Structures are given as C-alpha cells and as structure tokens.
Amino acid sequence: MAKIKHHNFLNTVHEVFTDAKQEGVLHLYAEGKSFSGRKIRVKNRELFHFGTTGYLGLEQDARLKKAAIRAIENYGTQFPLSKSYISNPLYHELEQLVTEMYEAPIIITKNSTLGHLGVIPSAVDDDDVIILDHQVHWSVQNAAKMLKTRSVPIEMIRHNNLEMLEDKLKKYRHSKKHIWYMADGIYSMYGDYAPVDDLMELGSKYPQLRFYFDDVHGMSWAGKNGTGYVLGQLGNLPHNVLLFGTLSKTFGASGALLACSDQELYKKIKTFGGPLTFSAQLEPASVAAAIASAKIHLSGDIYGLQEELRERIDYFNGLLAKTDIPLIDHNESPVFFIGTGMPKTGYNFVNRLMKEGFYVNLGIFPAVPVKNTGVRITISRHNQKEEIKALVEAMVYHFPKALEETQTTAERVFHAFNLKLDSQAKTLLDEGLVIEEVETIAALDKQEWNSLLGGQGVYDWDGLQFLEKVFHGNKRKEHNWSFRYITVRDDQGKVILATFLTQSLWKDDMLANEDVSRQLEEERTAEPYHLTSMVLSLGSLFTEGDHLYWDGKHPLATPAINGLIRLMEDRQRGLGAKMIVLRDFKKHTSWHGHLQGNGFVRVQMPDSCVVTLNDFQDMETYVSDLSARNRKHFRKDILPNLDRVLVKVTKHCTVSEIASITSLYGNVNRHNRGLNTFSFPEKLFACMNVDPSWEFILIFPKERPESLIGAMLCYRNLERVYVPAFVGMDYTNLNEFGTYRLLLYKTIERAMALGYPKIDLGMTASFEKKKLGAKIIEKYAYLQTADNYTLELLGIMEGQ
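In short, a report on the structure.

The rules behind each value
- Residues numbered from 1 in each chain as written.
- Predicted model: local features only at pLDDT ≥ 70, side-chain atom pairs only at ≥ 80, totals over all residues.
- Heavy atoms only, no water.
- Helix = DSSP H or I, 4+ residues; strand = E, 2+ residues; numbered from the N terminus.
- Rg over C-alpha atoms; globule rule 2.2 N^0.38 Å.
- Contact = heavy atoms within 4.5 Å.
- Areas by Shrake-Rupley, 256 points an atom, 1.4 Å probe, with all protein chains shown as cover.
- Lys, Arg positive; Asp, Glu negative; His and termini not counted.
- Charge placed at Lys NZ, Arg CZ, Asp CG, Glu CD.
- Disulfide = S-S within 2.5 Å.
- Buried < 20%, exposed > 50% of the residue type's maximum accessible area, 1.4 Å probe, protein only.
- Salt bridge = Lys/Arg side-chain N within 4 Å of Asp/Glu carboxyl O.
- Core = buried A, V, L, I, M, F, W, Y, C linked by side-chain atoms within 4.5 Å.
- Axes fitted to C-alpha atoms, helices over the stretch in contact; angles between N-to-C directions.
- Parallel < 35°, antiparallel > 145°, perpendicular 65-115°, else oblique.
- Left-handed = near helix turned anticlockwise from the far one by under 90°.
- Nonpolar A, V, L, I, M, F, W, Y, C, P; charged D, E, K, R; others polar.
- Polar contact = N/O pair within 3.5 Å; in protein donor to acceptor, adjacent residues only side chain to side chain.
- Patch = residues over 30% accessible without salt bridge, like charges linked within 9 Å, V, L, I, M, F, W, Y side chains within 5 Å.
- Pairing = 2+ DSSP bridges.

### As for the overall build of the protein
- Looking only at helices and strands, one finds 28 helices and 27 strands in the protein.
- Over its C-alpha trace the protein gives a radius of gyration of 31 Å, about what one expects of a compact globule, namely 28 Å for 800 residues.
- A principal-axis box enclosing the C-alpha atoms of the protein has dimensions of 90 × 60 × 50 Å.
- A fraction of 76% describes how many contacts in the protein between residues 6 or more apart in sequence connect residues 24 or more apart.
- Accessible surface, the protein as shown: approximately 33,300 Å² in total, 50% of it carbon and sulfur.
- Averaged over its 92 positive side-chain charges, the protein has a centre that lies 3 Å from the centre of its 97 negative ones.

Here's what the structure looks like:
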C-alpha cells in the first residue's frame, strides 16, 4: 500500500463541522432582543439554556452590568493603546483586586489564547522540554508548538497518565533545565480534573518539574475567592506552578489572567510577552465588569453563589444516577458529557432535546475523537430544579429513540467509551440480511469471488490464497496477518456486499510526513515496535484498488453498509485493534455520509495510476499518442537508456536473482520514508518465484550483465489486469540509467505483449507515471480511531 498523504487537519475538521452544521447543531445564532441566562432563543424557540460556561451566572449580575455601562460613559468603548505604553485608568484597580484574590502576582491578558501565546515562549527556555497532556486545551498546544522553532522538544502523554509522565521525567531529568508539564485544571469536554495532589508529589521528587495549568473551566465556582479548582487543591501558589484563570466564562467579564509566584519569572513575562506587549488591551467596559466581579469574589457572596451551583450539580448527578444514560465521567464539576458514540446519533439526540425545549452542546472532533461524539451539558445557577428534572426525563425518553433511529445500540456507545453496560445488550441486524464471515479464501466459491472482486490488484481468489500463504507462520509479528472474508446477502442468497479484511501491525506514522517517520525510525533502532498498533483494514497493506463489491441499487444496500461497519467494530474490540481503516474510495462516494456519521474521518491518499491499453497495438503507437511534452520526456530520459540495459522477463528467477531482488526491495523500503511500512517477510519473493501468477521484469547494465539494478514484481490477474505490485532498485545506479523510468516503460510493454487491457500502476510516483500516459485517480481512506492521542502526538512531532 502506498503512503497515505499527510492528514490535512483543517480539511478534516471542516468536513466534520460542515456535517454538523448541516444537521443544525453547530454555528447557530441566538435570537431575541434580551437574554436572561436561563433561556436562550434559537430557531424561533425559547429553550432552557444548558450550554453556558458562565456557571455562576455573573454575566447577568446587575453589579457587573452597571459597572460596564458607567465605564463606557466615562472612558468610551475602547482605550486604543498598547498596555506597554499606558493602561486605561481602570486597569490598576483590577490588577490590585485580582492579586489580592490569588495572593500572588498576576498579569492580565486579552484572552487565554493570546495569553498562552505570550506566556509560554517567555517562560520556557531553550534548554527546557515541554510535556503535554493530550487533552490539554488546543490553545495551550498551539502556543507550545511555537517553541519548535527554538528546538525545544515537545512530548505528549496520554490523559492523566502519571506513569507515562514519570517515564518522560526520567528521560529528561539529567539533560534539561526545566521540564514543563502542561495540563488543564478542569477539562472542558468531560469535566474531569487534573490529579493535582499526585502531580505535586512528582514535583517534590523531580525538582526540574514545572507545572503550567489552564484552569479557565475551574474558575469562580471552585476555590478560595473563586480562584479555581487548581488553587483550591494547592492552597497557595508554589514557585513551580504557572496558573491561568479567566475573567471571561464564569467570572462574567472578559479577559484572562496568569498567576505566578516566581518573582523573577513574573518580571520576565510581564516585561515582554509577545501578544501581551502588542495586542490591544481590554475595553473599559470589560475591565470595569471584571472589577465588579473581583469585588464579589473577595466577598462572602462568592461562597453563597458556589453553594447554589453545587446544589444544582448534586441534584443533576443524583437524577442521572437513577438512569442508564451514559455519563462519561462522574465528578462534581458543572460539566457533564453524555456519550452518543457516533456523530449521527449525537446530531439526532441534540435535535431531539432542542425540540423538547433544551439547548445543549454537541461535543465532536477535534475536541473528542469522532467515535466519542456526545452531548456536553453544563449546569449553571440560571438553571432551576424543575427544568433540570425535565431535561433528565427528556434524555431518558429520547436517548433510546436516537439510538434506534440511527441504527445503533447502547452496547455500541458504551464500548466506544470503554464503559460497562449493566443491562442486556441488544444486537441490531436488519431483517432480510445474512452476514457470512470466513477466515480463508478457500472456504469461498472461486468463481463467485472472482465475479465480484476479481480483475483488480492482487486480490482475485488466487492472489488472496497466495497472500494467506506468505503472511502466515512467520517469526516476526508484523509478518503475520489474519484474513477475514465478509459476504452480506439477502434472504434469497443474492450478494449485496463482499470484501475482505486484514488485521496487521502498522506503524502509527504511516499517516505522518517523512520527517516524523525519520525521527521515529531513530527511536525504533532501540525499540522496534515503538508507536505501532494493530489495525483492522479493508483490503491489506499489500493490495491496492477497490476492495469492495457493493450493489448500491439493492433495497438493503444501506443496511448492508451498517452491517459491515458493526461487524468491523465488533472485530476491532475482539481482536484488540486500535484503528479501523477503509481504503481506496473515490472522493464522491455514496458511502461518505454513512461513514462520517459512524465515526470515520476522511483523509486523502496518494493518487492512484491506471493505464488503459485497449486502443494500442504496439509501443510505437502508444508513445505516439502521448502529449508532446511526454514524448519529449520519452526521447530524452528513456529512449537513450534502452540500449544500455538488458531486460529479462521471467517467471522463475535463479537463487542469486532472488537474493538480489530481496536486497533491492529492501533498498526501496528503507529509502522511502514516505511509504513507512514494515518490510515484508523474506519468503515473499521465493513464494512469488513458484507461483504461476507472478513474473519478474529484471534490468541489468549491458556492461555488467551479472549485476541486477532494477526489478518489477508483477501479478497477472485473470488476464484482465496487469499489476506491477512492487519495485526494487539499486540506488547507486538510479540516476545513471533512469532505472525506475525504464521499469515503468518495460511494464507497459510487457502488459501490451500479453494482451492485457489494463495496468494498475498503483500509488506513489504519480508524476513519473503520468509522463508515460497513466490516468490519475484521486483516492481517499476513512479512519476510525479509538482516541486522538496518536494523531495529536504525531502532530506535535512535525517540525521538531
């Protein structure tokens, strides 16, 4: 299989968000001429508001409103100067009040995103290292990535995994001045906490450890003076902790703050901190509202507000505990996440709740993995017990209906989040469908399989029998694959869908760019299976093409898709695979909506290349049909070298030739990090040598006829398609003889001589193949992953 193109993250997010927007659950507009906080008007409906992050309701407090109005009247709508020159007259009072709240020096920032961009590059030295919790907020990750330009290493650990964190601490304790661990205090999707006490113990054990907490979701509703969850756990701010809070969200105003008790570091950050220096300052109305809120936080009123919110949180938790609704994390924060698993179920559930009169948020990729979509519900002081109870009743009623309407089950949702399902699981299988699954091609009728999937790649019946032989009984685990053949029929025995799956070990960076793969290969010299995972894939790493037969006109065509997806998810869990990959789709596939709604994200693969030979009698005619530019390429780069080499086409190589082919293939595998897969077992080439469907195109220099410099390994598929599956080359002679171009030319010549109407030239090197008349076809893959950890880890490695 060719390298999948580097995942364009923004394109994928755009697709997911566009889908959610079309379903009416994202990019909505609130309506109305006023806003109370308890209700919100959307699509001409008054809805109870369970989506706010203003947990204490201070944004509607009369004291803050009056202060903001007075500030506009006194100072205007803004104070258009950088704070480095002069701050508006209200800033000094705000800084004094917030400093009193935290009992530590503070810096006010325009917002938390700009704050992170200003603080992190100033606080982290060139001889430090950063370790990110993989669920830390995007704004922290984005700011940390800026340090790559200064060659600061950036590592990532799984969420709240202190064992992984300590492994990283041991790795860097003797080589780095400071080791920065960056995490959220309260995580914005699931509402779970950072293990602050355990982290402080690590800080005592490793003096180099520094902490950077983004606690904007813990602000105001927790802690002394409403200073947040983290400081509530710490008591006082240690010198090895930088703490971000917010003046927005629960605080009721705008802006963010950094608390830092290390005086020298505080001065360094405050003196010059990128956006802290050059960005516009907070508007007078925002500063005045923040002053009013800070005074509330410094009074006894804050504890009364916190208690009122706590009563509502406890009430909601108590009601949920009596239901089977999948609450993903049980805690005491105002953030609740109800798992729906697949996006289509999340869309359905959100829309159902909105029709019942409740506004809730959809939690979706990239904030959570696509298959971990859910509904984020937030509780605030605005919410009254009667609507909280009504919301729970609506969820109990509509959750099973959302599952049923989107052809999924509670079992599927609970599995997606690794939760235990106490009730009896229900398995959905549409009436009239029969799903057959076997583990060897020998169990299937040869004629039927070839009629459905023959004539493509190396997966006609004989080709798959060959692959089963090659990838079985090998010493190394990456060389042993399990095969599964799936057939979906109607109750009359008519085939609706047929395909084959393989489970095999993949390098996680197969989807990353070449620089990342080179970094990881260095680490794999000591740990060969570093960042590798078992993958359940449509087709295999050896094959290319449309691995799927599907009768889209059959009345049960859509249920057949759903049946295949459910079966793959069951096998993924049973086999312990970390990812499902469906490959080689065209861009405009009718499967797109089904797959995206079932938790798959689409990524672009390298273009596929096909040559059609029906209209050509010989190579002279074929070359004459090329474009003028490509004919010039042939005359300049290929024709002069044809007389310099000897070409041998054979079904049976000598022992020494097989040894050379093995070595040449190894060259290509090692050199091409853009195609970073495990090598194939050595017996592959010996098996090809005795299989009647394989043949070899070999190239030798005339002056050194004993030296093999290039080999194309070709599969003859049912006399319908010629498949040059793999190439081997001597890189020392590559440019001198134009070996790859010669192999492509000789492959076309050989297929024409055999009378094949088509050549599947496969992926990669499409530029060279196009010069020889190949048609380029865009291809896409769909991925469903257990979590986002590997994706994000590979993302932070880029550019390091």
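There's plenty left to go through after this.
### Thoughts on the state of the cysteines
- Scanning the entire structure with this criterion turns up 0 disulfides.
- Residue C653 stays outside any disulfide, its sulfur separated by 11 Å from that of C714, the closest cysteine.
- Overall, the relative accessible area of 8% leaves C653 in the buried class.
- The structure places no disulfide on C687, whose sulfur is separated from the nearest cysteine sulfur, that of C653, by 14 Å.

### Side note on the pattern of salt bridges
- In total, this model carries 44 salt bridges according to the counting rule given.
- A salt bridge links D301 to R63; the nearest nitrogen and oxygen atoms lie 3.1 Å apart. Separated by 238 residues along the polypeptide, D301 in helix α12 (residues 301-321) and R63 in helix α2 (residues 62-75) bring together distant segments of the chain.
- Owing to a relative accessible area of 39%, D301 belongs among the partly exposed residues under this scheme.
- Across the pair R518 and D515 runs a salt bridge, and its minimum N-O distance is 3.2 Å. Taken as a pair, R518 and D515 lie in helix α18 (residues 514-524) at a separation of 3 residues, close to a single helical turn.
- Overall, D515 belongs to the partly exposed group, its relative accessible area being 48%.

### A closer look at the nonpolar core
- Counting residues in hydrophobic clusters, the biggest one holds 167 residues, and the most contacted among them are Y102, F213, F316, I377, M395, F542 and I661.
- Top contributing element to this core by residue count: helix α11 (residues 284-297), with 9 residues.
- Aside from chain neighbours lying at most four places away, what touches Y102 is M219, T227, L231, L243, G245, L257 and A259.

### A few points about the packing of helix α3 (residues 91-102) against α11
- Axis separation between α3 and α11 bottoms out at 9 Å; the angle between their running directions is 30°. Taken together, the axis directions place α3 and α11 in an arrangement best described as roughly parallel. Along this stretch, α3 crosses α11, giving a crossing that reads as left-handed. Residue-level contacts link Y91, E93, L94, L97 and M101 of α3 to V287, A290, I291, A294, K295 and H297 of α11.
- In the contact of α3 with α11, the residues fall into 8 nonpolar, 1 polar and 2 charged.

### Describing the side chain of T323
- Counting through the fold element by element, T323 comes out in the loop between α12 and β11 (335-341).
- Within the structure, T323 has its side chain in polar contact with the backbone nitrogen of I325 (distance 3.1 Å).

### Re a negative patch on the surface
- Taken together, E307, E311, D314 and E332 make up a surface patch of like negative charges.
- As for its position among the elements, D314 is in helix α12.

### Considerations on unusual backbone geometry
- A cis geometry characterises the amide bond from F365 onward to P366, with omega recorded as 10°.
- Positionally, P366 belongs in the loop between β13 (361-363) and β14 (373-378).
- Positive phi, normally seen in glycine, also occurs at E103, with a value near 55°.
- With respect to the helices and strands, E103 occurs in the loop between α3 and β4 (106-109).
- The exposure class of E103 is exposed, given its relative accessible area of 53%.
- Even without being glycine, N225 reaches a positive phi, approximately 55°.
- Looking at the secondary structure, you find N225 in the loop between β8 (209-214) and α8 (229-234).
- On the accessibility criterion, N225 (9% relative accessible area) is buried.

### Side note on the packing of helix α22 (residues 628-642) against helix α26 (residues 739-754)
- At a minimum axis separation of 10 Å, α22 and α26 run at an interaxial angle of 90°. With respect to each other, α22 and α26 are oriented roughly perpendicular. Between α22, through H633, F634, D637, I638, N641 and L642, and α26, the contact on the second element is made entirely by R741, L742, Y745 and K746.
- For the contact of α22 with α26, the per-class residue count stands at 5 nonpolar, 2 polar and 3 charged.

### Quick notes on the environment of L247
- Within the element layout of this structure, L247 appears in the loop between β9 (241-246) and β10 (256-260).
- Counting along the chain gives 42 residues from L247 to A289, while the straight-line C-alpha distance between them is 9.3 Å.

### With respect to the sheet that holds β14
- Pairing within the open sheet is antiparallel, and its 3 strands lie in the order β11-β14-β13. For this open sheet the edge positions go to β11 and β13, each flanked by a neighbour on one side alone. The average angle at which neighbouring strand axes cross in this sheet is 30°, direction not considered.
- In terms of strand pairing, β11 meets β14 through 6 bridges, oriented antiparallel.

### Focus: the pairing of strand β27 (residues 775-785)
- Bridge analysis of strand β20 (residues 579-585) against β27 gives 5 bridges, and the strand direction is antiparallel. Directly across from M579, in β27, lies its bridge partner T785.
- The sheet contact formed by strand β21 (residues 601-612) and β27 spans 8 bridges and is antiparallel. Of the residues in β27, the one forming a bridge with V610 is K775.

Treat this as a map of the structure, not an account of what it does.
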